[in-house]
Number of protein chains: 2
Amino acid sequence: MAKKQTDSIADDLEAMILEGVFDDNQRLDEVQLAKRFSVSRTPVREALQRLTQAGLVEQRPRRGVFVRQPGAIELLEMFEVMSELEAACARYAASRISDEALEELREANEKCEQAVREQDPDRYYLENERFHHIIYAQSGNGFLEAEASRLYRRLKPFRRLQLRLRGRLRQSMAEHESILRALTDGDADRAAGVMRQHIAVQGDKFHHLLSTLKTAAE
Amino acid sequence: MAKKQTDSIADDLEAMILEGVFDDNQRLDEVQLAKRFSVSRTPVREALQRLTQAGLVEQRPRRGVFVRQPGAIELLEMFEVMSELEAACARYAASRISDEALEELREANEKCEQAVREQDPDRYYLENERFHHIIYAQSGNGFLEAEASRLYRRLKPFRRLQLRLRGRLRQSMAEHESILRALTDGDADRAAGVMRQHIAVQGDKFHHLLSTLKTAAE
DNA sequence: AGTCAAGTTTTTGTATACAAAAACTTTGTC
DNA sequence: GACAAAGTTTTTGTATACAAAAACTTGACT
């Protein structure tokens, strides 16, 4: 039993916020949360400090804590940063990747291909996640890997959604192949460039999706 | 008066950790800190949760919180990430920067030049900081700007130290000129490349510095 | 009805209380 | 003297208490 109370409450709340359980600007009631987790306010408040630092929540003095959901612009910005972090991973991985990891990437890609054939976005997403995380790890830079993973977690729900757009699965697949080729060739610049595009396009797609939704709602 | 207690304690502690007031692995005594800040343990513990999330401190269950100072390898890794974030800023800024900002960069550079002539590393560092932050802002991406600034804060003491190496001031200056030219030309790839090198070399210098120090100590 | 002030309730921020775990001290044994 | 077991102190994690600020309610006045 660790310092679990605060830890697990923070984890649970983070997951809930990322899953979109709370609306933007929704106030989180300490007392209510304390009841729900069957603890006192103390560990809840400590967990909320963590979320504050992570930027998932905002504290307004003497008012309470409020959920922060990214809007269209911030989301696009986050995808831009994600694209740069992943491009960096690919760049370093190009010279540092091991043969075993290249083999794993090939395997992941084959399973992705299978998922494409079966039109199974969930399955695709699972293997796609593996593909990307292998590259994070193969950057040979633990700090970069951690930062990339952190932002990945944050964007996961949106990356997932975007895959349901028509034709996107196939296109994504082709980009994976291209990335794998660049890594196999050990071409750092090409790997970085292709990866950057691969992620940036997701942000663009998503942004486009949001704006059409918004126009439709008016 | 805001939610100041927790906030300002967190800020103070962060500054102290970054300044190297505490050793790596040093335990932070809640009671002692509470006394020092003339508050109870509660706000201190909340501040420590923030530092935990920021990665400045590690919590071992039932043992306490311990300061985490990056070692040589982690530092090099952080410089690599910094180089990529700043390269990204330069890349976006190349197409998004305003004429006024370009003028400000020129001004900052001139003041840097003056500091080089006067052999004044502190003055140089001040203007250098301005130079870099203008580029963060001109990336036109608030999230990227925030992430770059965050890591900048973390590395600031080390970036600073590295400037005292012989010839580094002059070299750094030349790189600034080169970055400015690329931005003026609107050449995104060149701006990114030069910036990446400009930062990465700092990490290398620092890493080299540390290894020679370590070898000398043995 | 709408507005505003006084009073009431809720909620936040901080201090304190307390149990359980860890660290430290003492004392007895070989 | 080295070691170990029992007891003592310290420290952590959590609950609770309480004051001050904010939010809400009520009722008088225009």
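Scroll up for the structure.
If you're wondering where the values come from, they're calculated on a predicted model, not measured in any experiment.

### Description of the side chain of Gln49 of chain B
Along the chain, Gln49 of chain B turns up in helix H3 (residues 41-54). Given the relative accessible area of 1%, Gln49 of chain B is considered buried. Reaching out from Gln49 of chain B, the side chain makes a polar contact with the side chain of Glu46 of chain A at a distance of 3.3 Å. Look past the residues within four positions of Gln49 of chain B in its chain and what remains in contact with it is Lys3, Thr6, Glu46, Gln49 and Arg50 of chain A together with Gln59 of chain B.

### Focus on the protein's contact with DNA strand C
Around DNA strand C lies a shell of 19 residues, among which Arg41 and Arg62 of chain A together with Gln5, Ser40 and Thr42 of chain B are the nearest. Here Arg27 of chain A contributes a side-chain N or O atom positioned 3.0 Å from a phosphate oxygen of DNA strand C. Between Arg62 of chain A and DNA strand C, the recorded distance is 2.8 Å, taken from a side-chain N or O atom to a base oxygen. Looking at the surface near DNA strand C, the elements that each hand over two or more residues are helix H3 (41-54) of chain A together with helix H1 (4-19) and H3 of chain B. In terms of residue count, H3 of chain B provides more of the surface near DNA strand C than any other element does, three residues in total. Of the residues belonging to the surface near DNA strand C, the class tally is three nonpolar, five polar and 11 charged.

### Structural notes on the sheet that holds strand E2 (residues 57-60) of chain B
All names here are of chain B. Overall, antiparallel pairing links the three strands, which are arranged E1-E3-E2 in an open sheet. Each edge of the open sheet carries a strand with a single partner, namely strand E1 (27-28) and E2. Pairing between E2 and strand E3 (residues 64-67): four bridges, direction antiparallel. Looking across to E3, one finds that Gln59 is bridged to Val65. Each of E1, E2 and E3 touches H3; the most contacted strand, E2, lies at about 110° to it.

### Comments concerning the sheet that holds strand E3 (residues 64-67) of chain A
Residues and elements named next belong to chain A. Reading across the sheet, the three strands line up as E1-E3-E2 and stay open at both edges, with antiparallel pairing between neighbours. Each end of this open sheet is capped by a strand with a single partner; those strands are strand E1 (27-28) and strand E2 (57-60). In this fold H3 packs onto E1, E2 and E3, with an angle of close to 110° to the strand it touches most, E2.

### Some points on the interface of chain A and chain B
Buried accessible area, meaning the area lost when the parts come together, often serves as the stated size of an interface. Contacts between the two partners involve 33 residues from chain A, matched on the other side by 33 residues from chain B. Summing both sides of the interface, chain A and chain B together bury roughly 3,000 Å²; the carbon and sulfur share of this comes to 50%. Counting the contacts that link chain A with chain B gives eight salt bridges. Linking chain A with chain B are 23 residue pairs in polar contact (both at pLDDT 80 or more). Contributions of two or more residues to the side of chain A that touches chain B are made by H3, helix H4 (72-96) and helix H7 (142-162) of chain A. It is H4 of chain A that contributes the most residues to the side of chain A that touches chain B, 12 residues altogether. Considered class by class, the residues forming the side of chain A that touches chain B number 11 nonpolar, nine polar and 13 charged.

### Examining the pairing of E2 of chain B
Where burial is concerned, the two faces of E2 of chain B differ: the one with Val57 and Gln59 of chain B is buried and the one with Glu58 and Arg60 of chain B is not. Between the end of E2 of chain B and the start of E3 of chain B, which pair antiparallel, lie three residues, with Arg62 of chain B showing a positive phi angle near 65°.

### Remarks on helix H2 (residues 30-37) of chain B
Residue and element names in this part refer to chain B. Of all the positions in H2, only Glu30, Leu33, Ala34 and Phe37 are classed as buried. Projected down its long axis, H2 shows its buried positions confined to an angular sector of 105°, all on one face. Exposed side of H2, more than 90 degrees from the buried face: Gln32, Lys35 and Arg36 are the residues found there. Buried residues in H2 make contact with H1, E1 and H3. Sitting at the amino-terminal end of H2 is Asp29, which places a side-chain oxygen 2.8 Å from the backbone nitrogen of Val31. Just downstream of H2 lies Ser38, where phi reads positive at about 55°.

### Concerning the relation of the copies chain A and chain B
Rotating chain A by 180° about the axis while translating it 0.0 Å along that axis superimposes it on chain B, leaving an RMSD of 0.0 Å. These values place the two chain copies in the arrangement generated by a two-fold rotation axis. A share of 100% of interface residues in chain A that are also interface residues in chain B marks the association as one of identical surfaces.

### As for the packing of helix H7 (residues 142-162) of chain B against helix H9 (residues 188-217) of chain B
All names here are of chain B. Close contact between H7 and H9 brings their axes to 10 Å; oriented N to C, the two are set at 80°. By the criterion of interaxial angle, the relationship of H7 to H9 is roughly perpendicular. When H7 is examined against H9, the residues Phe158, Arg159, Leu161 and Gln162 are found in contact with a partner set consisting of Ile199, Gln202, Lys205 and Phe206. Here the contact of H7 with H9 is built from residues that sort into four nonpolar, two polar and two charged.

Calculation notes
- Residues numbered from 1 in each chain as written.
- Chains lettered and ligands numbered in written order.
- Predicted model: local features only at pLDDT ≥ 70, side-chain atom pairs only at ≥ 80, totals over all residues.
- Heavy atoms only, no water.
- Helix = DSSP H or I, 4+ residues; strand = E, 2+ residues; numbered from the N terminus.
- Buried < 20%, exposed > 50% of the residue type's maximum accessible area, 1.4 Å probe, protein only.
- Polar contact = N/O pair within 3.5 Å; in protein donor to acceptor, adjacent residues only side chain to side chain.
- Contact = heavy atoms within 4.5 Å.
- Near = heavy atom within 4 Å.
- Nonpolar A, V, L, I, M, F, W, Y, C, P; charged D, E, K, R; others polar.
- Pairing = 2+ DSSP bridges.
- Axes fitted to C-alpha atoms, helices over the stretch in contact; angles between N-to-C directions.
- Buried area = accessible area lost by both parts, 1.4 Å probe.
- Salt bridge = Lys/Arg side-chain N within 4 Å of Asp/Glu carboxyl O.
- Arc of directions from axis to C-beta.
- Least-squares fit on C-alpha atoms with pLDDT ≥ 70 in both.
- Parallel < 35°, antiparallel > 145°, perpendicular 65-115°, else oblique.

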